[in-house]
Amino acid sequence: MILTPLEIAGGIPLGMNPDAQPLPDVGDLTPLAAFEDVVRTGLRRPPCVVPFSGGRDSAAVLAVAARIAREAKLDAPIAVTLQFEGGLGTDETEWQERVIAHCQVKDWIKLTVGDEIDFIGPLSRPLLLRYGVNHPASLPLFWLPLQYAHGGSMLTGFGGDSVIGGWVRAHAAEVMAFRAVPRPSDSLMFGYALSPRFIRAQAMRMQLTRPPWMRPRAFREFNALRITELSTRPVRRDKFLRWESRLRRTAFAESTFARLAADVDAQAFHPLHDRRFVAALARDLGARGDGDRTSIMRRVFAKDLPDDVLARAGKANFAVAYFRDHTREFARRWDGAGLDPELVDPEPLRKAWLEWIVDPRAALALQAAWISSYERGFEEPVADVVETGGIARSLHTPDR
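These notes cover the structure that comes with them.

Here is what the cut-offs are and how they apply
Residues numbered from 1 in each chain as written. Predicted model: local features only at pLDDT ≥ 70, side-chain atom pairs only at ≥ 80, totals over all residues. Heavy atoms only, no water. Phe/Tyr/Trp six-rings, centres within 6.5 Å; stacked < 30°, edge-to-face > 60°. Helix = DSSP H or I, 4+ residues; strand = E, 2+ residues; numbered from the N terminus. Buried < 20%, exposed > 50% of the residue type's maximum accessible area, 1.4 Å probe, protein only. Pairing = 2+ DSSP bridges. Right-handed = clockwise from strand over helix to strand, strands pointing away.

1. A few points about the packing of aromatic side chains
Pairs of aromatic rings are described using the distance from one ring centre to the other and the angle between the two planes. Considering all chains together, one arrives at 13 aromatic pairs under this definition. Judged by centre distance (6.5 Å) and plane angle (65 degrees), the ring pair of F52 and W108 falls under edge-to-face. Here W108 lies in strand β3 (residues 108-113) and F52 lies in the loop between β1 (48-51) and α3 (56-72), a separation of 56 residues in the sequence. Across the pair, W108 and F52 agree in class, each one buried. A ring pair is formed by F84 and Y322, whose centres lie 6.2 Å apart and whose planes are at 80 degrees; its orientation type is edge-to-face. Highlighted residues: F84 in strand β2 (residues 78-84) and Y322 in helix α17 (residues 319-322), separated in sequence by 238 residues.

Given below as C-alpha cells:
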C-alpha cells in the first residue's frame, strides 16, 4: 500500500479499504477462544516476541501468551519493552512490573531509547529509506522488538484502541484529541451518534480544523474525504466493528507490520484485531449500547489479569518521544522542497516541527520531506542497519 500525497499532508490514511472482506461467521466461538487461537499460532513459531508497554492491550496479549505457553508446554513469550530516556510521559514502570510478576514472565528485555527513536532519528532513517513513508510513522517501536524475533513471530496489542476502545465515547476522545479541541460531554456525543448522516457530517465539518500547513484547497479535499469516512460510522456496536475492520488505515498498519516482520523471517499477529476475534466480539455485543473498554476487558481477560490492570484509566503518551532534537534540527535546515506545494505551505510546516508539542498530523510530512532531502543529497549517508540487524544490540543493552 502507498500513502497518497494528500494523506501525507494531512497525516492519516483516509477512507475504506476496497479489498476488505466481510468478517467471517465464527459460529459460537467466544472472543477469548478466538484470541487464544491467534496467540497459540504465534507461540508455535518461536521465538515469540510481545512488544510490551504496560498498557492494557499489550498486557492482555502477554498474559494470555504466558498462560498458554505454560499450559501447552511451548516456549515462553519474550516481552520487549522500550523505556524512554527522560520519561516524557511514557513511564509505565509500575504497571509493567505488576503485569510481569503476575504473569510470571521470565524473559523480559528492556531497551532504553532516546533521541535516536525520533521520527527521523538514526533508528528511523534506514527504515524510511527501506520502506518509505508508512502508517504508523513510529516504525522503530516495532522494528526494535522484531530484532529478537528472527525466524519467529511477534504478537502485538494493535487494534485494542479501535476494536475495544473505539466506539462512540472513545471515538469522541480520539477525534477531539486529534483536533486539539475540548472533549464533548457524553450526552453530546450520543446525540451525535443518533443523528442522521448529514447532521453527523456537519458536526465533523465543524470539528476538523485545518492544519496550518495545508493549503485551503487541499484541506477542503482532505476534509471532504475524512468527513465522508467519519459520518458513515455505524451507531450499532456490532456494525461499528465491521466498519472499523474495513478502514484503509487499519489495512495499512497491518501491511506495515507484515513488511517489517518479513525482513527478519518472522510473522506479525494481532490478536485484538484478528478477524475472528472481532467477529466474535461483534456477535456477543450485538446492537447493545453498553460495554465500555473496561467491561469488555473484564469480560474477556478476567482470568488472566488483575482487576486493577483491566480497569486502569489512561496510559502512557508517546507523542513527545518521537518529535525530538532531530526533528527540530531538520526543520531549521530544511529547504522547503520535497512536498507537493499545492498541498503544503512549507513555512507553517517548519514552524509546526519546531514547537515543543508537535501536532501529530505533521509526522508523515516530516518523514516524506526528510526522504526527499536525503535523495537530493542534503543529508548525511545512512547505513542500512536493516540488513545488518545489529543496531538493537549495539545501541541498547538488554536487561533480562
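Moving on, there is more to tell.
2. Notes on the pairing of β1
Here β1 shows two buried faces, one formed by C48 and V50 and the other by V49 and P51. In terms of strand pairing, β1 meets strand β4 (residues 153-155) through 2 bridges, oriented parallel. Residue pairing across strands places C48 opposite S153, the latter belonging to β4. Looking at chain direction, β1 and β2 are connected through 3 bridges and run parallel. In the strand pairing of β2, V50 is matched with A79. Following the backbone out of β1, through α3 and into the adjacent parallel β2, one traces a crossover that is right-handed.

The quantities given are spatial measurements derived from coordinates; they are silent on function.
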